[in-house]
Amino acid sequence: MKLYRLLTEDDTSAFCHKVTDALNKGWELYGDPTYAFDSANGVMRCGQAVVKDAPGTYSPDTKLGAQ
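Report follows, based on the coordinates. Starting afresh in each chain, residues are numbered from 1 along the sequence in its written order. Local features in this predicted model are restricted to residues of pLDDT 70 or higher, and side-chain atom pairs are both shown and tallied only at a pLDDT of 80 or more, whereas totals for entire chains, interfaces and linings draw on every residue. Only hydrogens and water are set aside; all other atoms, that is, all heavy atoms of the structure, feed into the side-chain values.

Section: the overall build of the protein
By the criteria applied, helices consist of DSSP H or I runs no shorter than four residues and strands consist of E runs no shorter than two, each listed in order from the N terminus. Broken down by element type, the protein carries one helix and three strands. Each helix and strand of the protein, ordered N terminal to C terminal, gives the series β-α-β-β. Along the first, second and third principal axes, the C-alpha set of the protein runs to 40 × 25 × 20 Å. Burial here depends on accessible area, computed with a 1.4 Å probe over protein chains only, as a share of the maximum for the residue type. Under 20% is buried, over 50% is exposed, and the range in between is partly exposed. Taken across its 67 residues, the protein has 24% of its residues classed as buried. Residue pairs in contact within the protein that sit at least 24 positions apart in sequence constitute 59% of those at least 6 positions apart. Think of it this way: Lys and Arg go in the positive column, Asp and Glu in the negative one, and His and the chain ends go nowhere. Note on charges: their place is set at NZ of Lys, CZ of Arg, CG of Asp or CD of Glu. Side chains of the protein carry 7 positive and 9 negative charges; the gap between the two charge centres is 7 Å. Throughout, a contact is declared for two residues whenever any of their heavy atoms are within 4.5 Å.

Here it is, written out as structure tokens:
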């Protein structure tokens, strides 16, 4: 099955660590990163889509972060 996740985080090193962790667990970057101002919290936020091929059949109960 093909898995998809959108990683988001405030614009700090935590975002880079989150993406790096996913890459080291076999996820691959999908598209360009995004960057936007979160006016509700007054911070810049980053996002990066990642994908991964995994064995099994997808269901809504699939724990994407555990893959």
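Points about the pattern of salt bridges
One speaks of a salt bridge when a side-chain nitrogen belonging to Lys or Arg is within 4 Å of a carboxyl oxygen belonging to Asp or Glu. Overall, the coordinates contain four salt bridges when judged by the stated rule. For Asp 53, the salt bridge goes to Lys 2, with nearest N and O atoms at 3.4 Å. Taken as a pair, Asp 53 in strand S3 (residues 43-53) and Lys 2 in strand S1 (residues 2-10) lie far apart in primary sequence, 51 residues in all. Each of the two residues, Asp 53 as well as Lys 2, counts as exposed. Among the salt bridges present, the one from Lys 25 reaches Asp 21, with a minimum N-O distance of 3.2 Å. A relative accessible area of 45% means that Lys 25 is categorised as partly exposed. Take Asp 21: its relative accessible area is 39%, and that puts it in the partly exposed class.

Examining the nonpolar core
Ranked by size, the top nonpolar core spans nine residues in total: Leu 3, Leu 7, Phe 15, Val 19, Ala 22, Trp 27, Cys 46, Val 50 and Ala 54. Listed by contribution, the elements that provide at least two residues to this core are S1, helix H1 (13-24) and S3. With three residues, H1 is the single largest residue contributor to this core. Not counting the four nearest positions on each side in its chain, Val 19 is found in contact with Leu 7, Leu 29 and Gln 48. The set of buried Ala, Val, Leu, Ile, Met, Phe, Trp, Tyr and Cys residues whose side-chain atoms join them within 4.5 Å is what this entry labels a nonpolar core.

Let's talk about the environment of Gly 26
Along the chain, the position of Gly 26 falls in the loop between H1 and strand S2 (28-38). For Gly 26 and Val 51, which are 25 residues apart along the polypeptide, the C-alpha to C-alpha distance reads 8.8 Å. Residues in contact with Gly 26, not counting those within four places in the same chain, are Val 51 and Lys 52.

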